[in-house]
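Inside the fold
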Amino acid sequence: MREGYTGVDPGGEAPSDAITEVPVARSRFTPIVLIALVAFVAFVLLPEATSMLVDYWWFHELGFEVLFTRTLLTKGLLFATVALAAGGLVHLNLRLATQGGVADVVRVMQRTGVDVSSFNLGSLLQRLSRPVAIGIGLLVGAGANSLWDVVLRALYGTPFGVTDPVFGRDVAYYAFTLPALTAVLAVLTSITILLLLLLTSVYFLRGEIEITPRRLRIEPAAGMHLAVVLAVMFVLWALQLWFVDAAGLLFSTTGPLVGASYTDLHATLPALRLTAIGALAAAVYVVVGGVRRQLGFNAVLAFVGYFALSLIGRALAPALMQKFIVAPTELTREEPYLARHIAATRRAWGIDSVEVRDLGGDADLTLADLRANATTIDNVRLWDREPLLRTFSQIQEIRTYYDFVSVDDDRYWIDGRYRQVLLSPRELNSSSLPTRTFINEHLTFTHGMGLTVSPVNQVTPEGLPVLFVKDLPPSTTGSIRVTRPQLYFGELTDAYAVVRTAQKEFDYPAGDANVYRAYDGTGGVPMGNVLRRLVMAAHFGSLKLLLSGDIGADSRILYNRNIVARARMAFPFLRLDRDPYLVVANDGSLQWIQDAYTSTTRYPYSYRTVDGTSYLRNSVKLVIDAYHGTMTPYVADASDPIIRTWAKIYPGVFQPLDRMPADLRAHIRYPDELFRAQASRYVTYHMNTPATFYNREDEWQVPVVTRENESVPFMRHIVMRLPDEAAAEYIYMAPFTPRGKDNLAAWMVARNDGAAYGHLRVYRFPRQTLVFGPRQIENRINQDTEISRQVSLWDQRGSQVIRGDLLVIPIEKALLYVQPMYLQADGGMIPELKRVVVAYQNHVVMRETLEAALADLFGGAVDARRTTGAVGPEPTASATPRGLDPATQAAVAEAQRRYQAAIEAQRRGDWARYGEEIRELGALLERLGQKRPPQ
């Protein structure tokens, strides 16, 4: 026998010359196997079991057990079903391949020196079939485990009530059923290909497949077995082509649109059908080859024919049709498909119900218009988020371990007036604690404290924001009341906290002393027994949780305290908005509102974003209590089929929006990411006729502003009275300019208040009328000599000039532009509001207050009791001399304010501020001296 020869001994006996058969050892536990098993249990099973137990306690605390148990049960059943099916299929085929055949005993002989050793390969293959099947079953089951949400959506899918124009199926088929069908076919195809590789290897090792230079020999039993597996693979490919790939044409990008184009329906679809039939024919052909003992020839011919048909039908023919038939008359050929694409995109992105109103474009703004829109003027936002955040950080953080993370827009009724405000929570940053110990980080410093609230339009004599809520403990001005200021759950909060321990919880600093307070909320998981403390210690990697004597029977542990991570943990199937915001409820508690979206990548014919999203809805408003940590998801869009599907999957979890407390509903707002997405779609898809859309005759764009090397879309929250509406309301506004141009074409608003919530409206200007856009106004401001001179003067003094966001303020049917300007001392950290620039049509003025700028532009003061931008307290009835024209009255009031500010600076010993105020007062008096009294 040749050295290294693998062969079959027909008699089942080895050669007699010094050949010894090496028996295959029975499976037994060795020290290495035992060590590996212990390591697997210690480092895989126990941590996984511990994590699952900790998660279950957390879901139980929130009352969301169904979210945990149904998800876990689905994953478990899916894993078990797929693992058993895959493992059983592999084991059955391997047993068939390793039993019987051309020989009873298969041996591999290897010459080692003088002796020749052998081992029974057939017996080895039989012994390996079971562990190989188990291993493959576990791997395939683990892979299928991640498809739990796909399976649940397919089982509970809710119809959209809209059918696709090609196959006539409800959109739910593509959103819910098709992903599950695709996954099933992918798993089956993967198992089949794996089986084919395994069986080919086994039969080759057994000698039932022999490859020689002249021929391929396959034993009849092996050939029939392989033929059946090959046929199954071809059948699966046919199903994939007929049901999945054909449906995928509705998401094609072959033509000038997303969706099935002319070429897709007249070339690619017939080719898919023909190729699927060819795959079925190939399946039959390989089975015939197995029966006739010519599998090799038939299999090669079947593969060559299938791939040739695919290449010609699915690649070459569509390319030729697109180039020679469609491209020369593309608009004519694609017009009906463009109409489908436009209609589907408008439906999927929620812009099909946008209300459009036309404006004249030549409306003049008068002083009477300003006075009629006093609430709008009263809420012009003079404080930008970034400068205000830096100011809050300097004047209101109080201690180094407090941080302001973000500033949010909102609106409140304050002392009977509808006011837009900016607020920011004061959160605990445990990484900034002076001493970072287990007790400090997890038992003592457990929460943030309060918030800061500022009106968008008022400043102090020092140029700092007026504060409605400030300091520790929070003190309030006006009707806002904060009765429970503790922030145990927030945007910055991350580390776990143990409450109700023997250690006192720090509440807030009070001078040289500290105030302590015990947590009396409902949040947290009880830590009352040793088992729970042991599990928590293992999960969080801290032995102190088990050994600490401060943790007692009443102690509770709060974890997953970051509100975004908390929401994502509970609702992994929802997409979260990037900007959660804090609300002060009527009872004085602090509540977070997190907007959440449902989306799909499979809405036929709809526009797709970079990540594939083709449908988006703000379906959920998630309210998170900052003290207790409770979460309540409210369905904001009950018509959305996706959230209705999840509501059926997890019954009792989602609540209707009308159950949200009225004081919180008054603060819900149209979410930022949805509005940005819809505005980005609308600039193109407002053209709803195929010809106009194809030629891009009237395409718009959202202008951008450059902020710290970042281009940000020009979108703002504003309190204003819309044209033809009776009252002011809180809106989200975006202007539109023609593509490549700077003049204004239209502006869109998302309404936020009352019954109008969620309504989108667009105001269009005539195309033949020039209306200045934001960039043009910015250029005018930059070219104004007075503004340039003042900015240069500030720069020469070493101060940094910070230009605020340019605001577009629609009033009646005209536009007013406002831009605040801040001054930050060289090396300083606090921006101060110093000037307000107002632009209207061709006129640009810069004054110290919005009131003074409006008075200069329009020749009179808007109601001084309600005008924004007035620095310091509102003037009293006797503070302004009578008998003067309104513009002069405003200037006199400004002079009085400057004088008072100078006196205040002198009293504090701030001589730099005193000198600046006196200089400004002198310049103001000089301008007053040039005014002639009214005749």
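Residues numbered from 1 in each chain as written. Predicted model: local features only at pLDDT ≥ 70, side-chain atom pairs only at ≥ 80, totals over all residues. Heavy atoms only, no water.

Take the overall build of the chain next. Looking only at helices and strands, the chain features 25 helices and 38 strands. Out of the 935 residues in the chain, the part that is buried amounts to 53%. Counted over contacts in the chain with a minimum sequence separation of 6, partners at least 24 positions apart contribute 66%. (Helix = DSSP H or I, 4+ residues; strand = E, 2+ residues; numbered from the N terminus. Buried < 20%, exposed > 50% of the residue type's maximum accessible area, 1.4 Å probe, protein only. Contact = heavy atoms within 4.5 Å.)

So, on to the layout of surface pockets. Put simply, the second largest pocket is a space of about 710 Å³. As for the second largest pocket, its lining consists of 24 residues, and the residues nearest its centre are E48, M52, L72, K75 and N145. Looking at the lining of the second largest pocket, the elements that each hand over two or more residues are α1 (31-62), α2 (65-98), α3 (121-145) and α16 (563-570). Per element, the largest residue contribution to the lining of the second largest pocket is 8 residues, and it comes from α1. Here the lining of the second largest pocket is built from residues that sort into 17 nonpolar, 4 polar and 3 charged. (1 Å grid on protein atoms, 1.4 Å probe; cavity = no way out; pocket = protein on both sides within 12 Å on 5 of 7 lines; lining within 4 Å. Points joined across faces, edges and corners; volume = space filled by probe spheres on them. Nonpolar A, V, L, I, M, F, W, Y, C, P; charged D, E, K, R; others polar.)

Turning next to the packing of helix α4 (residues 148-156) against helix α5 (residues 171-205). Orientation of α4 relative to α5, taken along the N-to-C sense of each, is 130 degrees, at an axis distance of 8 Å. Judged on the interaxial angle alone, α5 and α4 are oblique. Here the hand of the crossing between α4 and α5 comes out left-handed. Residue-level contacts link V150, R153 and A154 of α4 to A175, F176, P179 and A180 of α5. (Axes fitted to C-alpha atoms, helices over the stretch in contact; angles between N-to-C directions. Parallel < 35°, antiparallel > 145°, perpendicular 65-115°, else oblique. Left-handed = near helix turned anticlockwise from the far one by under 90°.)

What follows is about the environment of I668. Looking at where I668 falls in the secondary structure, it is placed in the loop between α18 (662-665) and α19 (672-685). I668 sits 74 residues away from Q594 along the chain, and the two C-alpha atoms are 9.6 Å apart. When near neighbours in sequence (up to four residues on either side) are disregarded, I668 contacts R411, Y581, I593, K621, L657, M660, N752 and Y757.

Judged by side-chain polarity, L34, L37, V38, F40, V41, F43, V44, L45 and L46 come together as a nonpolar surface patch covering roughly 840 Å² of accessible area. Residue position: V38 is located in helix α1. (Patch = residues over 30% accessible without salt bridge, like charges linked within 9 Å, V, L, I, M, F, W, Y side chains within 5 Å. Areas by Shrake-Rupley, 256 points an atom, 1.4 Å probe, with all protein chains shown as cover. Salt bridge = Lys/Arg side-chain N within 4 Å of Asp/Glu carboxyl O.)

Below, the discussion takes up the sheet that holds strand β19 (residues 525-526). Backbone-to-backbone hydrogen bonds join strands into a sheet, with any given pair of strands oriented parallel or antiparallel. If you trace the 3 strands from one edge of the open sheet to the other, you get β16-β20-β19, paired in antiparallel fashion. A single partner strand is all that each edge strand has here, and the edge strands are β16 (497-499) and β19. Strand direction decides the pairing type here: β19 and strand β20 (residues 556-558), joined by 2 bridges, are antiparallel. The partner of P526 across the bridge, within β20, is R556. (Pairing = 2+ DSSP bridges.)

What follows concerns the nonpolar core. Counting 169 residues, the largest nonpolar core has L545, F571 and F654 as its most contacted members. Here this core takes 15 residues from helix α6 (residues 220-248), the largest share from any one element. Here F571 is in contact with F64, L67, L622, P633, V653 and F654, once residues within four sequence places are set aside. If you look at the next biggest cluster of nonpolar residues, it comprises 67 residues, including V380, I731, Y763 and V836. (Core = buried A, V, L, I, M, F, W, Y, C linked by side-chain atoms within 4.5 Å.)

Inspection of every chain in the model, using the stated rule, returns 39 salt bridges. Where E699 meets R739, a salt bridge forms, and the shortest distance between an N and an O atom there is 3.5 Å. You can see E699 sitting in the loop between α20 (690-695) and β27 (700-701) and its partner R739 sitting in the loop between β31 (729-738) and β32 (746-751), a full 40 residues away along the chain. Relative accessible area serves as the criterion here: at 17%, E699 is assigned to the buried category. For E729, the salt bridge goes to R751, with nearest N and O atoms at 2.9 Å. Highlighted residues: E729 in strand β31 and R751 in strand β32, separated in sequence by 22 residues. With relative accessibility at 5%, the residue E729 sits in the buried group. Connected through salt bridges with shared partners, the residues R381, D384, R385, D409, D579, R669, R716 and D805 form a single ionic network.

Glancing now at the confidence of the model for the chain. On average, residues of the chain carry a pLDDT of 87, and 89% of them reach 70 or more. Across residues 1-29, where pLDDT falls below 50, the model places 44 contacts with residues more than four positions away in sequence or in other chains. Contacts for the low-pLDDT stretch residues 864-883, under 50 throughout, to residues beyond four places or in other chains number 42 contacts. (pLDDT = per-residue confidence, 0-100.)

As a further point, take the packing of aromatic side chains. Going through the model one piece at a time under the given rule, you end up with 47 aromatic pairs. Aromatic side chains Y496 and F540 sit 4.6 Å apart centroid to centroid with 40 degrees between the ring planes, which places their arrangement in the tilted category. Placement of the pair is Y496 in the loop between β15 (486-487) and β16 and F540 in helix α14 (residues 530-540), with a sequence separation of 44 residues. Here F540 falls in the partly exposed class, since its relative accessible area comes to 24%. Between the aromatic rings of F573 and F654, the centroid separation amounts to 6.5 Å while the plane-to-plane angle is 65 degrees, which identifies the pairing as edge-to-face. Here the residue F573 occupies a position in the loop between α16 and β21 (575-576), and F654 occupies one in the loop between α17 (641-649) and β26 (655-656), the gap between them amounting to 81 residues. (Phe/Tyr/Trp six-rings, centres within 6.5 Å; stacked < 30°, edge-to-face > 60°.)

Another point: the pairing of strand β9 (residues 408-414). Successive residues of a regular strand alternate their side chains across the two faces of the sheet. With respect to burial, β9 is a largely interior element, 6 of its 7 residues being buried. For β9 and strand β10 (residues 417-428), the ladder comprises 7 bridges, and the chain directions are antiparallel. Residue pairing for β10: Y412 is matched across the bridge by R419. The antiparallel hairpin formed by β9 and β10 contains 2 residues in its connecting segment, where D415 sits at a positive phi of about 55 degrees.

Where burial is concerned, most of strand β17 (residues 506-510) is hidden: 4 out of the 5 residues are buried. Note that β17 and strand β18 (residues 513-516) share 4 bridges and pair antiparallel. Counterpart to F506 in the pairing with β18 is Y516. Between β17 and the antiparallel strand that follows it, β18, lie 2 residues; G511 among them carries a positive phi value of about 70 degrees.

This part takes up the packing of helix α7 (residues 262-291) against helix α9 (residues 330-348). Running from amino to carboxyl end, α7 crosses α9 at an angle of 110 degrees, the nearest separation of the two axes being 8 Å. With respect to α9, the element α7 is oriented roughly perpendicular. Residues Y262, L265 and H266 of α7 form the contact with α9, whose own contacting residues are R333, E334, Y337 and R340.

Its 19 residues place the ends of α9 25 Å apart at the C-alpha level, agreeing with the 27 Å of an ideal helix rising 1.5 Å per residue. At P336, α9 is deflected by roughly 45 degrees, the largest bend along its length. Where α9 is concerned, the buried positions are E330, E334, Y337, L338, H341, I342, A344, T345, R346 and A348. Of the surrounding elements, those touching the buried residues of α9 are α7, α8 (295-326), β24 (615-625), α19 and α20. Trailing α9 by a residue or two, G350 shows a phi angle of about 70 degrees, which is positive. (Expected span 1.5 Å × (residues − 1). Bend = angle between axes of the 7 residues up to and from the residue.)

This part covers unusual backbone geometry. Between L472 and the following residue, P473, the backbone shows a cis peptide bond with an omega angle of -10 degrees. Checked against the element boundaries, P473 lands in the loop between β13 (469-470) and β14 (475-476). A positive phi angle, near 70 degrees, is found at Y605, a position not held by glycine. Summarising the element assignment, Y605 is placed in the loop between β23 (590-600) and β24.

Attention shifts here to the environment of A231. The residue A231 is located in helix α6 in this model. A relative accessible area of 9% places A231 in the buried class. Along the sequence, A231 and V287 sit 56 residues apart, while their C-alpha atoms lie 6.5 Å from each other. The residues contacting A231, other than those within four sequence positions of it, are A283, V286 and V287.

Bringing the side chain of T452 into the picture now. Position of T452 among the secondary structure elements: in strand β12 (residues 451-455). Residue contacts for T452: discarding those within four places in its chain leaves F392, Q396, F404, L422, L423, S424, R426, L467 and V469.

This next bit is on the side chain of H225. Its location among the elements puts H225 in helix α6. You can call H225 buried: its relative accessible area is 12%. Discounting chain neighbours no more than four positions away, the residues touching H225 are N93, L96, A97, L199 and Y203.

Further remarks concern the environment of H447. Along the polypeptide, H447 turns up in the loop between α13 (438-444) and β11 (448-449). Separated by 60 residues in the primary sequence, H447 and D507 place their C-alpha atoms 7.6 Å from one another. Those residues in contact with H447 that lie beyond four places of it in its chain are Y402, L428, Q486, L487, Y488, E505, F506 and D507. For H447, the side chain forms a polar contact with the side chain of T446, separated by 2.9 Å. Of note is the side chain of H447, whose polar atom sits 3.3 Å from the side chain of Y488. (Polar contact = N/O pair within 3.5 Å; in protein donor to acceptor, adjacent residues only side chain to side chain.)

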